[in-house]
Amino acid sequence: MKVREHAGFGTRCIHAGQVPDPSTGAIITPIYQTSTYVQDALGVHKGYEYARTQNPTRSALEGNLASIEGGNAAFAFASGMAATSAVMTLLTAGDHVVATDNLYGGTYRLFERVLRKSQLDFTYADTSRLGELERAIRPNTRLVFLETPTNPMLAITDLAGACAIAHGHGIPVAVDNTFASPYVQRPIEFGADLVVHSTTKFLNGHSDSVGGAVIAVRDDHIEWLRFVQNAAGAILGPMDAWLVLRGTKTLPLRMARHNENAMALAGYLAAHPKVAAVHYPGLPSHPQHALAARQMRGFGGLIAFRLGSLERARTLLNGVRLMALAESLGGVETLISHPSTMTHASVPPDERQRLGITDDLVRISAGIEDLEDLQEDLAQALDLV
Ligand SMILES: *Cc1c(COP(=O)(O)O)cnc(C)c1O
């Protein structure tokens, strides 16, 4: 069971990084729940010394993620935020970063509240306009950090265009690909140097694990990330590595259904008289619909829409029965949330307004349930509005 380099995406999701367990032939990589490894003699071991440094379950996941994102190596971390933190250790005091202005709220908080203390500087630009990205670059810019589609506004950045601009200045590009997943979009194919994931979302896909990963291309990045994963130690545990490995096996099937359900729900909402606006890259009304169609396979599982007031949003959020009112996204079950008071509460109010994260905005992470049931649930909750 050796997966070939050129095997299809679905085949690599199932097989890459994994071989039958050498001691028993178990087809599934075991959960190596161990802290250390017995050495045969002084200085003679099997490549495993201490489980912060190496763990076979984690290695299998890392091999799998590197393959499906099209990178040369992957490193699994305790959370998406730990993965992003590891990427930021490539920088030193005085360095400047240009980041997408509608970043995941936790990433914005990490940059502003934690990393500024270490003299890193950040400029947030609307990277869906490449001119704004270019204008934000300074002589000391050492990283471009992109998120596309953004959360929750679902703005799209032209990855090939952004990478060409950054590389023209000798600046590497990192992309948070959590919202899309490698089924929908593979940033490395458009020139990105680093991809970060919250595996908590679509990669694991079953709402039962918190984790993160960095996928890298360049040898210097790989060498540093391998060092820092061990030196700083924010590793993914073996149980979680196993859960994500299980999750990626069905990623293509799940993503196809997430795409399909989200597209249908977005269309339903757009036609509903009580809905003021729908933000979904799959709708022709989305300002970057054509770009999304070129860059993505399907348009992802996330939808944002406006109901006109906080009261109306509250009625809908409290009225749904099948959809669960919860933070997070990317699980098999449909989640509904209120960005301004939930996921984006840590973004200052005036910044939220500027980004369009108004109090009437509702976000749906479309799960893989039967579409008719999701639509019926939305219909009955919208009736209450
Ligand atoms: C959830 C999320 C993160 C953070 O991941 P955790 O696993 O919660 O630490 C980062 N970026 C995006 C886009 C996310 O959705």
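Caption draft 1: Up close: the sheet that holds strand E6 (residues 194-198). Reading across the sheet, the seven strands line up as E1-E7-E6-E5-E4-E2-E3 and stay open at both edges, with mixed pairing between neighbours. The open sheet terminates on both sides in strands that have one partner only, identified here as strand E1 (73-77) and strand E3 (121-125). Each strand axis lies, on average, 20° off the axis of its neighbour in the sheet, ignoring direction. Running at roughly 145° to E3, helix H4 (residues 105-114) makes contact with strand E2 (96-100), E3 and strand E4 (141-147) of the sheet.

Caption draft 2: Spotlight on helix H10 (residues 251-270). Here H10 spans 28 Å end to end across 20 residues, near enough to the 28 Å set by a 1.5 Å rise per residue. The set of residues buried in H10 consists of Leu251, Pro252, Arg254, Met255, His258, Asn259, Asn261, Ala262, Leu265, Ala266 and Leu269.

Caption draft 3: Looking closely at the pattern of salt bridges. In the structure shown here, the tally under the stated rule is 13 salt bridges. Ionic pairing is found between arginine 354 and aspartate 101, a salt bridge with its closest N-O pair at 3.9 Å. With arginine 354 in helix H13 (residues 349-355) and aspartate 101 in the loop between E2 and H4, this residue pair connects regions lying 253 residues apart in the sequence. Classification of arginine 354 by relative accessible area gives exposed; the value is 52%. Overall, the relative accessible area of 12% leaves aspartate 101 in the buried class. Residue aspartate 370 pairs with arginine 257 through a salt bridge whose shortest N-O separation is 3.2 Å. Highlighted residues: aspartate 370 in the loop between strand E12 (361-365) and helix H14 (371-384) and arginine 257 in helix H10, separated in sequence by 113 residues. Several salt bridges share partner residues, and in doing so they unite Glu112, Arg116, Asp121 and Arg138 into one network.

Caption draft 4: Representation of the packing of helix H12 (residues 310-319) against H14. Packing of H12 against H14 brings their axes to within 8 Å, and their N-to-C directions diverge by 140°. Taken together, the axis directions place H12 and H14 in an arrangement best described as oblique. You can see that H12 and H14 cross each other, and the crossing is right-handed. Together, Thr315, Leu316 and Gly319 of H12 and Leu378, Gln380, Ala381, Leu382 and Leu384 of H14 make up the contact between the two elements. Split into classes, the residues belonging to the contact of H12 with H14 amount to five nonpolar, three polar and no charged.

Caption draft 5: Molecular detail of the site of the ligand. Neighbouring residues of the ligand: 13 residues in total, closest Gly80, Asp176, Ser198, Thr200 and Lys201. In the model, an oxygen atom of the ligand is placed 2.9 Å from a nitrogen or oxygen of the methionine 81 main chain. Among the residues forming the shell around the ligand, the class breakdown is four nonpolar, six polar and three charged.

Caption draft 6: Summary view of the side chain of arginine 352. With respect to the helices, strands and loops of the structure, arginine 352 is situated in helix H13. No salt bridge forms around the buried arginine 352; measuring N to O, its nearest opposite-charge neighbour aspartate 359 is 5.2 Å away. Of the polar contacts made by the side chain of arginine 352, one reaches the backbone oxygen of histidine 344; its length is 3.4 Å. The residues contacting arginine 352, other than those within four sequence positions of it, are Ser340, His344, Ala345, Val347 and Ile357.

About the criteria used
- Residues numbered from 1 in each chain as written.
- Predicted model: local features only at pLDDT ≥ 70, side-chain atom pairs only at ≥ 80, totals over all residues.
- Heavy atoms only, no water.
- Pairing = 2+ DSSP bridges.
- Helix = DSSP H or I, 4+ residues; strand = E, 2+ residues; numbered from the N terminus.
- Axes fitted to C-alpha atoms, helices over the stretch in contact; angles between N-to-C directions.
- Contact = heavy atoms within 4.5 Å.
- Expected span 1.5 Å × (residues − 1).
- Buried < 20%, exposed > 50% of the residue type's maximum accessible area, 1.4 Å probe, protein only.
- Salt bridge = Lys/Arg side-chain N within 4 Å of Asp/Glu carboxyl O.
- Parallel < 35°, antiparallel > 145°, perpendicular 65-115°, else oblique.
- Left-handed = near helix turned anticlockwise from the far one by under 90°.
- Nonpolar A, V, L, I, M, F, W, Y, C, P; charged D, E, K, R; others polar.
- Near = heavy atom within 4 Å.
- Polar contact = N/O pair within 3.5 Å; in protein donor to acceptor, adjacent residues only side chain to side chain.
- Lys, Arg positive; Asp, Glu negative; His and termini not counted.

All we've got here are geometric facts, nothing functional implied.
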